[in-house]
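# Structure at a glance
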Amino acid sequence: MKKFFLTLLTFLLITSSVSASDDLHNEGKGFVTGWKFSPLQIGLGIAPCRNLMDKTTDTVFSLGLWKIEQESSVLSLCTINHLGHNYGLQLSPLAVLSDNNYGISFAPLLNGVHENYGVQLGMFNLKGKYEMINILGLQIADTVQIGAINGFAPVQIGVLNAGYDNEKTLFQAGIVNTGNSYFQIGLLNHNPGAWIPWFPIINFSFETAEKQDENEHAVIYRLSNH
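Residues numbered from 1 in each chain as written. Predicted model: local features only at pLDDT ≥ 70, side-chain atom pairs only at ≥ 80, totals over all residues. Heavy atoms only, no water.

### Overview of the overall build of the chain
The condition is simple: Numbered from the N terminus, helices here are DSSP runs of H or I no shorter than four residues, and strands are runs of E no shorter than two. Only protein chains enter the accessibility calculation, which uses a 1.4 Å probe; a residue is then buried when its area is under 20% of its type maximum, exposed when over 50%, and partly exposed in between. Should any heavy atoms of two residues lie within 4.5 Å, those residues are considered in contact. Only the protein chains shown count as covering a residue, and every accessible area follows the Shrake-Rupley method with a 1.4 Å probe.
For the chain, the helix and strand inventory stands at 2 helices and 13 strands. Across the 226 residues that make up the chain, the buried fraction comes to 39%. For the chain, the share of sequence-separated contacts (at least 6 apart) that also reach a separation of at least 24 residues comes to 7%. Within the structure as shown, the chain displays about 12,400 Å² of accessible surface, and the carbon and sulfur contribution to it stands at 71%.

### Structural notes on unusual backbone geometry
Phi at Leu136 is positive, roughly 55°, even though this residue is not glycine. Within the element layout of this structure, Leu136 appears in strand 8 (residues 132-140). Assessed through its relative accessible area of 56%, Leu136 is described here as exposed. Of note, Ala141 is a non-glycine position whose phi angle comes to about 50°, a positive value. You can see Ala141 is positioned in the loop between strand 8 and strand 9 (144-151).

### Describing the environment of Val32
Note that Val32 resides in the loop between helix 1 (2-20) and strand 1 (37-43). Judged by relative accessible area, Val32 falls into the buried class, the value being 2%. Taking the C-alpha atoms as reference points, Val32 and Asn51, 19 residues apart in sequence, are found 8.4 Å from one another.

### Focus: the side chain of Ser38
To keep it simple, the criterion reads: Contacts described as polar in this section are N or O atom pairs within 3.5 Å, which, within protein, must combine one atom able to donate a hydrogen with one able to accept it, while residues neighboring in sequence count only if both atoms come from side chains.
Tracing the backbone through its elements, the reader meets Ser38 in strand 1. At a separation of 3.0 Å, a polar atom in the side chain of Ser38 contacts the main-chain carbonyl oxygen of Leu40. In this structure, Ser38 is in contact with Met53, Thr57, Asp58, Thr59 and Val60, ignoring residues within four places of it in sequence.

### Examining the packing of aromatic side chains
Where we set the bar: By convention, a stacked pair of Phe, Tyr or Trp rings (six-membered ring in the case of Trp) has centres within 6.5 Å and planes under 30 degrees apart, an edge-to-face pair has planes over 60 apart, and any other such pair is tilted. Distance and angle both matter: a charge sits over a ring if NZ of Lys or CZ of Arg is within 6 Å of the ring centre and within 35 degrees of the ring normal.
By the definition in use, this model includes 6 aromatic pairs. Arranged with centres 6.1 Å apart and planes meeting at 35°, the rings of Phe152 and Tyr164 form a pair that is tilted. Placement of the pair is Phe152 in the loop between strand 9 and strand 10 (155-162) and Tyr164 in the loop between strand 10 and strand 11 (169-178), with a sequence separation of 12 residues. Through successive ring pairs, a cluster of aromatic residues spans Tyr87, Tyr102 and Tyr117. Here Lys168 stacks its cationic end above the ring of Tyr182, 4.6 Å away from the centre of that ring.

### Regarding the confidence of the model for the chain
Just so we agree on the cut-off: Looking at any residue, its pLDDT shows the predictor's confidence there, from 0 to 100.
In this model, the chain carries an average pLDDT of 83, and 77% of its residues clear a pLDDT of 70 or more. With pLDDT under 50 throughout, residues 8-26 is counted as low confidence; its partners more than four residues away or in other chains account for 19 contacts. This model gives residues 215-223 a pLDDT under 50, and the stretch forms 1 contact once residues within four places in sequence are excluded.

### So, the pairing of strand 12 (residues 181-190)
We count it as follows: By the convention used here, strands pair only if DSSP detects at least 2 bridges between them.
Inspection of the sheet shows strand 11 paired to strand 12 by 8 bridges, in the parallel sense. Paired with Val176 across the strands is Leu188, a residue of strand 12. Relative to strand 13 (residues 198-204), strand 12 runs antiparallel, the two being bridged by 6 bridges. When the sheet's bridge partners are listed, Ile185 is paired in strand 13 with Ile202.

Shown next as structure tokens:
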């Protein structure tokens, strides 16, 4: 049985590499090309064109030494790990990137995701182009941040929490909290939509800063016309 699979794999590599030889400059092509699904993706070198399967192939297991790019995987391990869709566990000793994370994404240095429906864990966790920032902690489903420094999430628990200026943040708990939040607990709280913007221990607001500015402008306008 082992000889059969070894012979089959050798045959696939030889026949596919011949058909793909003219396309190896294309980073999306693998040595075995044209498959929509494969149980296994292997990063054979330091460039995406050195992958065993095409970049667009859906897989169960993705393994690589330096860099791997894959449409989707359930278990993925590589130094620089880039998935279109992570449906399980995405691991890296350096950096993981994904378009959509539905599982657990972990790297000691960098986690970057376009849309996060699962958990990001690492030193730097980013959503999109700095839409959300989490340092030394975790991000859960684009909603909750728990870490040393948190930026732009609905719920934040950490040391320094930075919320939105105009959009509402639901809850912040930390040493220093800043942003337009419904409720803040911390040593120092800055809430531009609150009655007293700077206030220790507890602060809250039910208006956005933008709405508060509109109301202030309306009052000034009415007073100026009397």
